[in-house]
Amino acid sequence: MQQYSRRIQSLGESATIAVATLARKLKADGKDILSFSAGEPDFDTPQIIKDEAIRALNCGFTKYTSVAGVPELLEAVANKLKRDNNLDYNASEIIVSNGAKQSLFNTFQALIDEGDEVLIPSPYWVTYPELVTYCGGKPVFIPTSEEYEFKARSIDFERAISPRTKAIVLTSPSNPTGMIYTREELESIAQIALNHNLWIISDEIYEKLVYEGKFTSIGSLNDRILQRTITINGLSKSVAMTGWRMGYVACKDKTLIKYMNNLQSQCTSNINSITQKASILALNGAADVDINYMREAFKERRDIACNLIGEIPGINIKKPHGAFYLFINIQNISGYNGDSMKLCKALLEKVGVALVPGSAFGMDGFVRMSFACDLEQLKEGFVRIAKFIKES
Ligand SMILES: Cc1ncc(COP(=O)(O)O)c(C=O)c1O
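Predicted, not measured: the structure shown is a model, and the values here were computed from it.

**Considerations on the pattern of salt bridges**
Logical step 1: Applying the stated criterion across every chain yields a total of 25 salt bridges.
Logical step 2: One salt bridge connects Asp-84 with Lys-80, and the closest N-O pair in it is separated by 3.4 Å. Linking Asp-84 with Lys-80, this pair stays in helix α4 (residues 71-85), spanning four residues, or about one helical turn.
Logical step 3: The partly exposed category is assigned to Asp-84, whose relative accessible area is 33%.
Logical step 4: Between Lys-166 and Asp-116 there is a salt bridge; the shortest N-O distance is 3.2 Å. Remark: Asp-116 occurs in the loop between α5 (99-111) and β3 (117-122) and Lys-166 occurs in strand β5 (residues 165-171); sequence separation between them is 50 residues.
Logical step 5: Looking at Lys-166, the relative accessible area reads 25%, which means it is partly exposed.

**Digging into the domain arrangement of the protein chain**
Logical step 1: For the protein chain, the domain assignment lists domain 1 (6-45 + 289-391) and domain 2 (63-283).
Logical step 2: At the interface, 38 residues of domain 1 touch 34 residues of domain 2.
Logical step 3: Counting each side, the surface lost to burial between domain 1 and domain 2 is near 3,200 Å², with a carbon and sulfur contribution of 61%.
Logical step 4: Looking only at domain 1, the three residues that lose the most surface to domain 2 are Lys-318, His-321 and Phe-361, adding up to 19% of its buried area.
Logical step 5: Run the count over domain 1 and domain 2 and you get one salt bridge.
Logical step 6: Here domain 1 is connected to domain 2 by 17 residue pairs in polar contact (both at pLDDT 80 or more).
Logical step 7: Those elements that provide at least two residues to the side of domain 1 that touches domain 2 are α1 (6-9), α2 (15-28), α12 (288-310), β10 (325-329) and β13 (366-370).
Logical step 8: If you tally residues by element for the side of domain 1 that touches domain 2, the top one is α12, at six residues.
Logical step 9: Of the residues belonging to the side of domain 1 that touches domain 2, the class tally is 19 nonpolar, 11 polar and eight charged.

**Topic: the environment of Tyr-4**
Logical step 1: With respect to the secondary-structure elements, Tyr-4 resides in the segment before α1.
Logical step 2: Under the relative-accessibility criterion, Tyr-4 is labelled exposed at 53%.
Logical step 3: Distance from Tyr-4 to Val-132, taken between C-alpha atoms, is 19 Å for residues 128 residues apart in sequence.

**Some details on the packing of aromatic side chains**
For any pair of aromatic rings, the description rests on two quantities: the centre-to-centre distance and the angle between the ring planes.
Logical step 1: Taken as a whole and judged by the stated rule, the model has 15 aromatic pairs.
Logical step 2: On the basis of an interplanar angle of 80° and a centroid distance of 5.5 Å, the ring pair of Phe-150 and Phe-327 is categorised as edge-to-face. With a gap of 177 residues between them, Phe-150 in the loop between β4 (138-143) and α7 (154-160) and Phe-327 in strand β10 connect regions that are remote in the sequence. For the pair Phe-150 and Phe-327, one class covers both residues: buried.
Logical step 3: Residues Phe-150 and Phe-366 carry aromatic rings whose centres are separated by 5.5 Å and whose planes lie at 80° to one another, so their mutual orientation is edge-to-face. With Phe-150 in the loop between β4 and α7 and Phe-366 in strand β13, the pair connects residues that are 216 residues apart, well separated along the chain.

Reading the values: the criteria
Residues numbered from 1 in each chain as written. Predicted model: local features only at pLDDT ≥ 70, side-chain atom pairs only at ≥ 80, totals over all residues. Heavy atoms only, no water. Salt bridge = Lys/Arg side-chain N within 4 Å of Asp/Glu carboxyl O. Helix = DSSP H or I, 4+ residues; strand = E, 2+ residues; numbered from the N terminus. Buried < 20%, exposed > 50% of the residue type's maximum accessible area, 1.4 Å probe, protein only. Domains from an automatic or database assignment. Contact = heavy atoms within 4.5 Å. Buried area = accessible area lost by both parts, 1.4 Å probe. Polar contact = N/O pair within 3.5 Å; in protein donor to acceptor, adjacent residues only side chain to side chain. Nonpolar A, V, L, I, M, F, W, Y, C, P; charged D, E, K, R; others polar. Phe/Tyr/Trp six-rings, centres within 6.5 Å; stacked < 30°, edge-to-face > 60°.

What follows is the structure in structure tokens.
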């Protein structure tokens, strides 16, 4: 008999968290490290949200709540989805979890049986394939190319569909590339999902961080698509609330929501009660001024970063339209042959710059650099990268 379950042994540590942890350790050891690996805003949570949390605490709002969240919170999510995304959900079609990560965990657990296939465009956010595999499912990657802005086309999905295909994962804006699907592109992908009766798992966590173009929720295209869509979102990235742990799933299939409720009731129950109160305020728009301010700041950093990349021979980039990551092409840096892991290790050792290898996202030849950090750090990072490339 195995000492540990096969299932748990197949689960790897998140590559992005691993790099961030290593960078933190080196820093604690006194090394001069600039980390661009984190996937979180460097801004503090808006004061108005913090004040609401303090109020909830002082009022003694410190007990268990219903598993999916208090009714007022579920209403606030439903209203937000209607107002911002033109999505029609009732409170009973929503469940709030400990970050979008748990929302995704619940979703895959509720949908995937042994051998079921899930189509995941690559490069992908590191967690999706791990969660699919953990349920016994099979991630089927849809390769994309820089030439087509890292977008999976409907024909690419069509080719990968088998009788075991159950769902498509869409991330727009994307982590790690920052690309955003247009309405027309979503329409053709949605048509494929309808033709083959697939679920669309739409991760919309970067929805507020859009610098060019327009964000569209795939579920808003029409009612038939809405019925097949599982909308995932949360407050981590948009309101700088990563540590508060607030994510949610919205889905018209009440049975699926009920199953997720059952699962969550057996493992974590409701999310933190204080976070719930603060989240209601954020969802109702109380922090919109701060959200806009952060977006403008990210846009400025993106523009400066892309200009700096343009000045460094050996690297280049397709300007991201959303999120806060640069997915940098490193294939022309001499001596590395596009090996992103080797390059990231050397960058960390030689100039103290922590980036995440593209191989962690399923695409070698690229590295991911977060620009959710202050401008001075960003500029200094590029000075070091330029020096490194010059000397390699
Ligand atoms: C694409 C994507 N989805 C979901 C998440 C998870 O966010 P949360 O903090 O809400 O769990 C992340 C975080 O990095 C992400 O990049």
